[in-house]
Amino acid sequence: EPHRDFPAILLQTSLKITFESPPGIKKNMQRTLTSWGQEFLDGPAGAPPEGTSPQRGALLFLLAWFHAVVQERRTYIPQGWTKAYEFSVGDLRAGSMMLDTVAKTGDIDFSLIHGLMEDAIYGGRVDNVSDLRVLRTYVTQLYNASMLGRGGDLARGIRMPSKCSYEELLSFVSSLPDTDSPALFGLPENIERAVQRSSSTEITNQLRSLSISSSATMKFDRELWKAQLGPIVEMWSKIATMDLSSKGRRSGKAAEKLLPVDGFVRQEDEMATSLCAYVDSNIRALKQVVFGSALITPALYAVGTALMKGEVPAAWEKKWEGPENVSKWLSVLVRKKNALNDWVARSSRGGLLDEPLTLSDLFHPGTFLNALRQQCARRLEVPMDETKLISAWERSKLSGCAIVVSIEGLVIEGAEIDRGQLVAMGPTAPEVSTAPTLSLAYVASTHADPYAGSRSLSVPVYMASSREAHLIDINMPSSSGEVSEWILSGCAFFLSSE
């Protein structure tokens, strides 16, 4: 682990060795079985200790499989997991100790196993609700009376071994494929496209940062800055054609009389105008600096060096965290500002919620939903905490709701929508597909859900495909497969494909 007192000169003169375990479920399970050894699995005398359940070997085997799956699923970030959770040997050791104790109690308490695995041993590392749902699904699928009694499928085409002695488990694991397919994790067949896109984006960002030499940003070179900042200045002058003046803004007193949604739109537009004006002033000042009509300041130097690296300046990102690439950041900023002009016009006419809305137009879509919830609560004359969000693909299913909002522009990953229901994607299908218009409404907590039942599931909606910012969960039906299959597939909605 890093330590501030460790001498840097010693590290520089040392020989660096990096060890990375071979990837794949097969190699992972072989390491686990080898670390346990025959005596731990079979017992000192080749049989489980007295008073231990005969299902102890099966419990430990399922732990080895579970540990391998949750670790190797990290290959498919962000669809497999939203982040690289540090599931470690410590979790495996704690899990084996727990199962060893459970096996000595007589009847297997599956609820105890589920609780400890989800809330402490492995689930304690997971901080995303959707990821925790995936972990819970794996645990419940593997640890149940049916799996230990009659056996069952660990994954598509792989059935649990009938005997769980050390030698038989080694033989079983050696028969597993060397290369993992997405089906082993319950993921869709076309997920390799998403992995390739994520990898290419990461490599592109690394190459972009390497393309700018460190010496170029250590000192101010007017000609170099003019050559490298020129394209950004020119691009901004072409796309930033909006009016950044404050004319036409209403008084604060008038704002108090606005409905929550209209008040939000007005504040959002003011924020966008202020941000665009701030960026515009920075770029204009940099233009003056590189053309010799102004002196550079420490603040402008920080902005300029970040732009030369293709990064978003920290001062800009502090006001709004958008795309990492500065060109895309500027393009999205202008697009959102232009879209908000239309939102303001519709709001001033009193018809904002009468037409479909695109949440990716907003900088703070979560705040918009909170304003909508507040407005619905006022209409229903109930406290906000006594309301809930319901959704439907058919607007008629929400008839009778006080306020219904239509949302368009959503995209879905991990599945497709056919006639309002989830269907599986083929191996050649695109990474994401456009979702139909979705109707949303906030209703009283006692209101019936349009998709209640065992064939419905909760699907997360994220701000972007990186799955870093979660917005809401929407309930929807599935036409084929169990709900658990859709959870393991990493199915999710994004506000846009950007």
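In the block above lies the structure referred to throughout.
Keep in mind it's a predicted model, so treat the numbers as computed, not measured.

Each helix and strand in the protein chain was counted, giving 17 helices and 12 strands. Across its three principal directions, the C-alpha atoms of the protein chain cover 85 × 70 × 45 Å. Here the protein chain holds 498 residues, and 46% of them are scored as buried. Within the protein chain, residue pairs in contact and separated by at least 24 positions form 72% of the contacts whose partners lie at least 6 positions apart. Positive and negative side-chain charges of the protein chain, numbering 51 and 57 respectively, have mean locations separated by a distance of 7 Å.

Below, the discussion takes up unusual backbone geometry. The residue after I77, namely P78, is reached through a cis peptide bond having omega 10°. By the element assignment, P78 lies in the loop between α3 (56-72) and α4 (89-102). Positive phi, normally seen in glycine, also occurs at R419, with a value near 55°. Mapped onto the elements, R419 comes out in the loop between β6 (416-418) and β7 (421-423). For R419, a relative accessible area of 74% gives the class exposed. At R467, a position not held by glycine, the phi torsion is positive, near 60°. When you line up the elements, R467 lands in the loop between β10 (456-462) and β11 (470-477).

Those residues of helix α8 (residues 166-174) not exposed but buried are Y166, L169, F172 and V173. The buried residues of α8 occupy one face: seen down the axis, they fall within an arc of 125°. Buried residues along α8 sit in contact with α2 (25-42), α3, β1 (153-155) and β2 (158-159).

Criteria and thresholds
Residues numbered from 1 in each chain as written. Predicted model: local features only at pLDDT ≥ 70, side-chain atom pairs only at ≥ 80, totals over all residues. Heavy atoms only, no water. Helix = DSSP H or I, 4+ residues; strand = E, 2+ residues; numbered from the N terminus. Buried < 20%, exposed > 50% of the residue type's maximum accessible area, 1.4 Å probe, protein only. Contact = heavy atoms within 4.5 Å. Lys, Arg positive; Asp, Glu negative; His and termini not counted. Charge placed at Lys NZ, Arg CZ, Asp CG, Glu CD. Arc of directions from axis to C-beta.

Honestly, it's all geometry; don't read function into it.
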